[in-house]
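Each chain is listed here by its residues.
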Amino acid sequence: VPYNHATPAAAAAHVSQRNKYHEGTNQGTLDEFNNTIDPTDNIFMQYMEITQPTVILGGGHPLGSTEFKFISEEGIADLRNGSVYPYTFLERSPDAVNTLMQTAANLDVNSGDKLFGLYGCRGQSGNLCWRTAANDYSNAGGDQREDVLDEFETEEEFIKREVNENPGLNDLTEAALSVLEKDEDGFWLMIEGGDIDWAAHSNHLDNLIGAVYDFQDSVQTVIEWIEENGGFNETLLIVTAD
């Protein structure tokens, strides 16, 4: 799901309305109680200036959503700038998985390094590419795929590009663990398999099963990490549903 959707936002931000995605989503300068709106009264700015999670990985890239629904033009420009916020910034691009893994491996959280990865499959409202019950990505782009194809781009080319430019949930899980396991003080990590919910809302059984596979793989990755790092006497794992 988008990096600042309800569940990840609840983990690292505190705002009065779940749709306060970024600074551009506040209407006017006064809230409903006629109080001046604080510049950080949105999820993106709270991430960037208040809570500053060590790792933020998820969907919401403008190319994969409704333009700048989940991040403003100024926000993504500041992240690309590299000197405004304390994050190494990655976004959807060719060979995305290898770039993500190499970057994660080279970061040192004990020196203050932080990672922000922003992805999203075209046509999917900011989400990662749909995986199917057949364990492929033939549903990438969803029902909007024909509307977001580039000129002369075939559906096969579309799928290949989207899979190449976007990690899957398990890739994000592995990258997050790669960064956080270096923290001398330990860490807390929240992983959401939110596409299960989105597929259920659409009554799309094929995508729902694929999303469960994605989450299952991520849980297995975490279990294997725990077993290799002191076992369950050292690490608590909670798997739940909303």
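Look up a bit, the structure's there.
This is a predicted model, so every value here is computed, not measured.

Colleague: Would you take a moment to explain the overall build of the protein for this structure?
Modeller: Along its length, the protein carries nine helices and three strands. Reading the protein from its N terminus to its C terminus gives the helix and strand order α-α-β-α-β-α-β-α-α-α-α-α. Whereas a compact globule of 242 residues would reach a radius of gyration of roughly 18 Å, the protein reaches 18 Å, a difference of no more than 12%. Each principal axis of the C-alpha atoms in the protein carries an extent, and together these give about 50 × 50 × 35 Å.

Colleague: Can you help me understand helix H3 (residues 73-81) in this one?
Modeller: Because the α-helix completes a turn every 3.6 residues, residues three or four places apart line up on one side. Listed in full, the buried residues belonging to H3 are Gly 75, Ile 76, Asp 78 and Leu 79. The buried residues of H3 occupy an angular sector of 155° when projected down its axis, which confines them to one face. Exposed residues pointing more than 90 degrees away from the buried face of H3 are listed as Glu 73 and Glu 74.

Colleague: I'm lost on the packing of helix H7 (residues 169-180) against helix H9 (residues 205-228) in this one. Help?
Modeller: Two quantities define a packed helix pair, namely the angle between the helix axes and the distance between the axes. Put simply, H7 and H9 touch, their axes get as near as 8 Å, and they point 25° apart. As summarised for this structure, H7 and H9 are arranged roughly parallel, according to the angle between their axes. Note on packing geometry: the crossing formed by H7 with H9 is right-handed. Note on element contacts: H9 touches H7 through Asp 214, Phe 215, Asp 217, Ser 218, Thr 221, Val 222 and Trp 225, opposite Leu 169, Asn 170, Thr 173, Glu 174 and Leu 177.

Colleague: When you look at the state of the cysteines in this model, what are you seeing that I'm missing?
Modeller: The term disulfide refers to a covalent linkage connecting the sulfur atoms of a pair of cysteines. Summed over all chains, the structure comprises zero disulfides. Looking at the unpaired Cys 129, the closest cysteine sulfur is the one in Cys 121, lying at 3.2 Å.

Colleague: Is there a simple way to explain the sheet that holds strand S1 (residues 55-58) in this structure?
Modeller: Strand pairs in the sheet, formed through backbone hydrogen bonds, run parallel or antiparallel to each other. Pairing is parallel across the open sheet formed by three strands, whose spatial order is S1-S3-S2. Each edge of the open sheet is held by one strand with a lone partner, namely S1 and strand S2 (88-91). Put simply, the sheet's adjacent strands are angled 10° from each other on average, direction ignored. Pairing of S2 with strand S3 (residues 115-118) involves four bridges; the strand directions are parallel. Considered in S3, the bridge of Phe 89 is made with Phe 116. Strands S1 and S3 of the sheet are contacted by H7, whose axis makes an angle of about 175° with S1.

Colleague: Hey, could you run me through a negative patch on the surface in this one?
Modeller: On the surface, a cluster of negative charge is made up of Glu 174, Glu 224, Glu 227 and Glu 228. Here the element with the most residues in the negative patch is H9; it accounts for three residues. Residue Glu 174 is classed as partly exposed on the basis of its relative accessible area, which comes to 35%.

Colleague: What should I look at first to understand the pattern of salt bridges in this one?
Modeller: Scanning the model with the defined rule gives twelve salt bridges in all. Note that Arg 145 and Glu 155 form a salt bridge whose closest N and O atoms lie 3.3 Å from each other. Here Glu 155 lies in helix H6 (residues 155-165) and Arg 145 lies in helix H5 (residues 145-148), a separation of ten residues in the sequence. Here the salt bridges share partners, and the residues they tie into one network are Arg 92, Arg 122, Asp 150, Glu 153, Arg 161, Glu 162 and Glu 165.

Colleague: What is the right way to look at the nonpolar core in this model?
Modeller: Soluble, globular proteins show a tendency: their nonpolar side chains are buried together. Ranked by size, the top nonpolar core spans 20 residues in total, and within it Tyr 3, Phe 44, Tyr 47, Met 48, Leu 79 and Phe 116 carry the most contacts. Elements that contribute at least two residues to this core include exactly helix H1 (6-12), helix H2 (43-51), H3 and S3. No other element matches the five residues that H2 contributes to this core. Core analysis: the second largest hydrophobic core is formed by 16 residues, Ala 96, Leu 100, Leu 115 and Val 179 among them.

Colleague: Whenever I open this one, the packing of aromatic side chains confuses me. Can you help?
Modeller: The relation between two aromatic rings is expressed through the spacing of the ring centres and the mutual angle of the planes. Under the counting rule described, the total for this entry stands at seven aromatic pairs. Judged by centre distance (5.8 Å) and plane angle (85°), the ring pair of Phe 44 and Tyr 85 falls under edge-to-face. Taken together, the positions of Phe 44 in helix H2 and Tyr 85 in the loop between H3 and S2 put the pair 41 residues apart, joining distant regions of the chain. Grouping residues by exposure puts Phe 44 and Tyr 85 together as buried.

Procedures and definitions
Residues numbered from 1 in each chain as written. Predicted model: local features only at pLDDT ≥ 70, side-chain atom pairs only at ≥ 80, totals over all residues. Heavy atoms only, no water. Helix = DSSP H or I, 4+ residues; strand = E, 2+ residues; numbered from the N terminus. Rg over C-alpha atoms; globule rule 2.2 N^0.38 Å. Buried < 20%, exposed > 50% of the residue type's maximum accessible area, 1.4 Å probe, protein only. Arc of directions from axis to C-beta. Axes fitted to C-alpha atoms, helices over the stretch in contact; angles between N-to-C directions. Parallel < 35°, antiparallel > 145°, perpendicular 65-115°, else oblique. Left-handed = near helix turned anticlockwise from the far one by under 90°. Contact = heavy atoms within 4.5 Å. Disulfide = S-S within 2.5 Å. Pairing = 2+ DSSP bridges. Patch = residues over 30% accessible without salt bridge, like charges linked within 9 Å, V, L, I, M, F, W, Y side chains within 5 Å. Areas by Shrake-Rupley, 256 points an atom, 1.4 Å probe, with all protein chains shown as cover. Salt bridge = Lys/Arg side-chain N within 4 Å of Asp/Glu carboxyl O. Lys, Arg positive; Asp, Glu negative; His and termini not counted. Charge placed at Lys NZ, Arg CZ, Asp CG, Glu CD. Core = buried A, V, L, I, M, F, W, Y, C linked by side-chain atoms within 4.5 Å. Phe/Tyr/Trp six-rings, centres within 6.5 Å; stacked < 30°, edge-to-face > 60°.

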